[in-house]
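Listed below are the residues making up each chain.
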Amino acid sequence: MKDFYVLHGDILYADEERRIREERDSYLVVRDGKVEEITSRIPASTAVLDYDGCLIIPGLIDLHLHAPQYQFAGLFMDKELLEWLNSHTFPEEGKYADLSYARKAYSIFVSDLVQSETTRFSAFATIHEDASLLLSSMLEESGLSGYVGKVNMDSNSPDYLTEDTEESISSTISFIERMKDFKNVRPIITPRFIPSCSKRLLIELGKISESRHLPVQSHLDENISEIEWVRELVPESRNYADAYRAHGLWGREKTIMAHVVWPSDEEYELLKNSNIYVAHSPSSNSNLSSGIAPVRKMLDSGIKIALATDVAGGSSLSIMRMMTHAVEVSKLYYRYVDSTMRPLTFSEVFYIATRMAGSFFGSVGSFDEGMDADILVLDTSGIHTSIYEELSLSERLELYAYRRAGSPLKAKFVKGRKIL
Ligand code: GUN
Ligand code: FE
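Residues numbered from 1 in each chain as written. Chains lettered and ligands numbered in written order. Predicted model: local features only at pLDDT ≥ 70, side-chain atom pairs only at ≥ 80, totals over all residues. Heavy atoms only, no water.

Colleague: Give me the lowdown on the coordination of the iron ion (ligand 2), citing residues and values where you can.
Modeller: Within the protein, the atoms that donate to the iron ion (ligand 2) are H64 (NE2), H66 (NE2), H219 (NE2) and D310 (OD), at distances of 2.0 to 2.3 Å. Each of the four donor atoms bound to the iron ion (ligand 2) contributes to angles spanning 88 to 170°, and the resulting shape is irregular. Read in sequence order, the donor residues coordinating the iron ion (ligand 2) give the pattern H-x1-H-x152-H-x90-D. With H66 in strand β5 (residues 60–66) and D310 in the loop between β14 (304–307) and α11 (319–337), this residue pair connects regions lying 244 residues apart in the sequence. (Donors = N, O, S within 2.8 Å, 3.2 Å for Na, K, Ca; no water. Tetrahedral: all angles 85-135°; square planar, octahedral: opposite > 155°, others 65-115°. Helix = DSSP H or I, 4+ residues; strand = E, 2+ residues; numbered from the N terminus.)

Colleague: How would you sum up the site of ligand 1? Please name residues and give values.
Modeller: By nearness alone, every residue bordering ligand 1 is listed as H66, Q69, L81, W84, L85, R192, F193, H219, E222, H259 and D310. When isolated, ligand 1 has an accessible area of 280 Å², and the protein chains bury 100% of it. Looking at the shell around ligand 1 element by element, the count peaks at three residues for helix α1 (residues 81–94). By residue class, the composition of the shell around ligand 1 is four nonpolar, four polar and three charged. (Near = heavy atom within 4 Å. Areas by Shrake-Rupley, 256 points an atom, 1.4 Å probe, with all protein chains shown as cover. Nonpolar A, V, L, I, M, F, W, Y, C, P; charged D, E, K, R; others polar.)

Colleague: So what's going on with helix α12 (residues 346–358)? Which residues, and what values?
Modeller: Taking 1.5 Å as the rise per residue, α12 with 13 residues should run 18 Å; its terminal C-alpha atoms sit 17 Å apart, in good agreement. If you look at α12, its biggest bend is around 40°, right at I352. Taking burial as the measure, the 13 residues of α12 include twelve buried ones, the bulk of the element. Among all positions of α12, only F346, E348, V349, F350, Y351, I352, A353, T354, R355, M356, A357 and G358 are buried. (Expected span 1.5 Å × (residues − 1). Bend = angle between axes of the 7 residues up to and from the residue. Buried < 20%, exposed > 50% of the residue type's maximum accessible area, 1.4 Å probe, protein only.)

Colleague: Outline unusual backbone geometry, supporting the account with residue identities and numerical values.
Modeller: The peptide bond linking V311 to A312 adopts the cis configuration, its omega dihedral lying at 10°. With respect to the secondary-structure elements, A312 resides in the loop between β14 and α11. The phi torsion at D221 lies on the positive side, around 50°, for a residue other than glycine. Residue classification places D221 among the buried residues on the basis of a relative accessible area of 0%.

Colleague: Which residues make up the sheet that holds strand β6 (residues 118–124), and what values do they have?
Modeller: Pairing is parallel in the open sheet, where four strands are placed in the order β5-β6-β7-β9. Every other strand in the sheet has two partners, leaving β5 and β9 (185–187) as the edge strands with one partner each. Averaged over all neighbouring strand pairs, the angle between strand axes comes to 20°, with direction disregarded. Both β6 and strand β7 (residues 145–149) contribute to a ladder of five bridges, which runs parallel. Its bridge partner lying in β7, F124 is registered against G149. (Pairing = 2+ DSSP bridges. Axes fitted to C-alpha atoms, helices over the stretch in contact; angles between N-to-C directions.)

Colleague: Got a sec to walk through the packing of aromatic side chains? Specific residues and values, please.
Modeller: Scanning the entire structure with this criterion turns up 13 aromatic pairs. Taking 5.7 Å as the distance between ring centres and 40° as the angle between the ring planes, the aromatic pair formed by F72 and F76 counts as tilted. Taking the relative accessible area as the measure of exposure, F76 reaches 33% and is therefore partly exposed. With 5.8 Å between their ring centres and 25° between their planes, Y147 and F361 make a pair best called stacked. Remark: F361 occurs in the loop between α12 and β15 (375–378) and Y147 occurs in strand β7; sequence separation between them is 214 residues. Here Y147 matches F361 in class, with each residue buried. (Phe/Tyr/Trp six-rings, centres within 6.5 Å; stacked < 30°, edge-to-face > 60°.)

Colleague: If you had to explain the nonpolar core to someone new, which residues and values would you point to?
Modeller: Soluble globular proteins tend to bury their nonpolar side chains together. Formed by 111 residues in total, the largest nonpolar core has its most connected members in F109, L139 and M320. In terms of residue count, helix α2 (residues 99–115) provides more of this core than any other element does, eight residues in total. For L139, the residues in contact, after removing those within four places along its chain, are F109, V110, L113, F121, L144, V148 and V185. Core analysis: the second largest hydrophobic core is formed by 16 residues, Y5, V30, Y51 and F413 among them. (Core = buried A, V, L, I, M, F, W, Y, C linked by side-chain atoms within 4.5 Å. Contact = heavy atoms within 4.5 Å.)

Colleague: An account of the pattern of salt bridges is requested, with residue identities and associated values reported.
Modeller: Summed over the entire model, instances satisfying the criterion amount to 29 salt bridges. Close ionic contact of R21 with D15 constitutes a salt bridge, the shortest N to O distance being 2.9 Å. Overall, the relative accessible area of 36% leaves R21 in the partly exposed class. E166 is the partner of R200 in a salt bridge, and the nearest nitrogen-oxygen pair spans 2.7 Å. You can see R200 sitting in helix α5 (residues 199–212) and its partner E166 sitting in helix α4 (residues 165–178), a full 34 residues away along the chain. Here the salt bridges share partners, and the residues they tie into one network are D15, E17, R19 and R21. (Salt bridge = Lys/Arg side-chain N within 4 Å of Asp/Glu carboxyl O.)

Following this line, the structure appears as structure tokens:
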């Protein structure tokens, strides 16, 4: 495709004030992979991709998912986290020692992720360096953009999924070096969670992140038994977050902490004004009976939030579905837990899934001049209602999210490249 083109349709994006901006029957101008402007007139001598009647929105961001778990997404939801890891998750991840299995399974995953609403992601792979590199190259090839972490586990894990500490460190470095020429997909330091890493491993991973300026991803405060276990394993730490901080893994570089369902008051303080993004996973938190994350409270405290599927805790790759789940569970929180915490609104979750999460990747997540052209084109013809013509563009988007999340997309662009 040429470096200069326009998309025509009904354009929506989130502004800094968390409102949805609407530009009906307009042109989104893309040059050299970046957004140039939105205009109501056709710019001269430009290729026009006409999506008349479709909704054109920024790409959605999945800031936490487990690629090797996709094969059993939608199954085994009758357990809580620690039991679920041992009975289903670890045995499946163990299979990725076999590259031919990894190739087969990751092909399915990448092909479905390309079809999904996700343009940017941060994914866990497994402990296996070769399979993690294979996943990274398949994603690089797909045109999607994001981070892949070779997972680190040297403690409290089954034998078939436990690394020798020194090997875990050297294989992490080797994974990073083998990815040096990748453009769309970058490595991220990935201690699975506190229980699966020794102190030495955590400290060394902190050093690797700092010396190579690599982001970090892990899990925090997901499940009550997990938090209790961390307290027993690291009694000298004041709380779960402090256990990461003590090992140099707390926001020195950009950091993703998945879940944060049960933050203590002290942990709120550690999360505020930090380099940490909380990856809110409402579907996973319901499926694994983890609880309801206090997203309103975190947002009002100035904590950065993104949405995440957490596949296979979450059963779906659709971040648009996570938007509506996030609204729904915030209403349960308001009703059952704390009536001072207003439910999230649709425009807030749209803002979170695009603009707020996008800032993790740089100038990404909306249609400001100069932002990366990550774009979804939504076909609204599947929405059947007699009132459609009366609706504003934001109402049409809301209706699409509730009724059509996960449906096939009309088109998808990442950094200006049309990948679907
Ligand atoms: N905590 C540690 N590992 C995992 C995982 O694979 N999924 C979820 N949801 N939580 C975890
Ligand atoms: Fe997870």
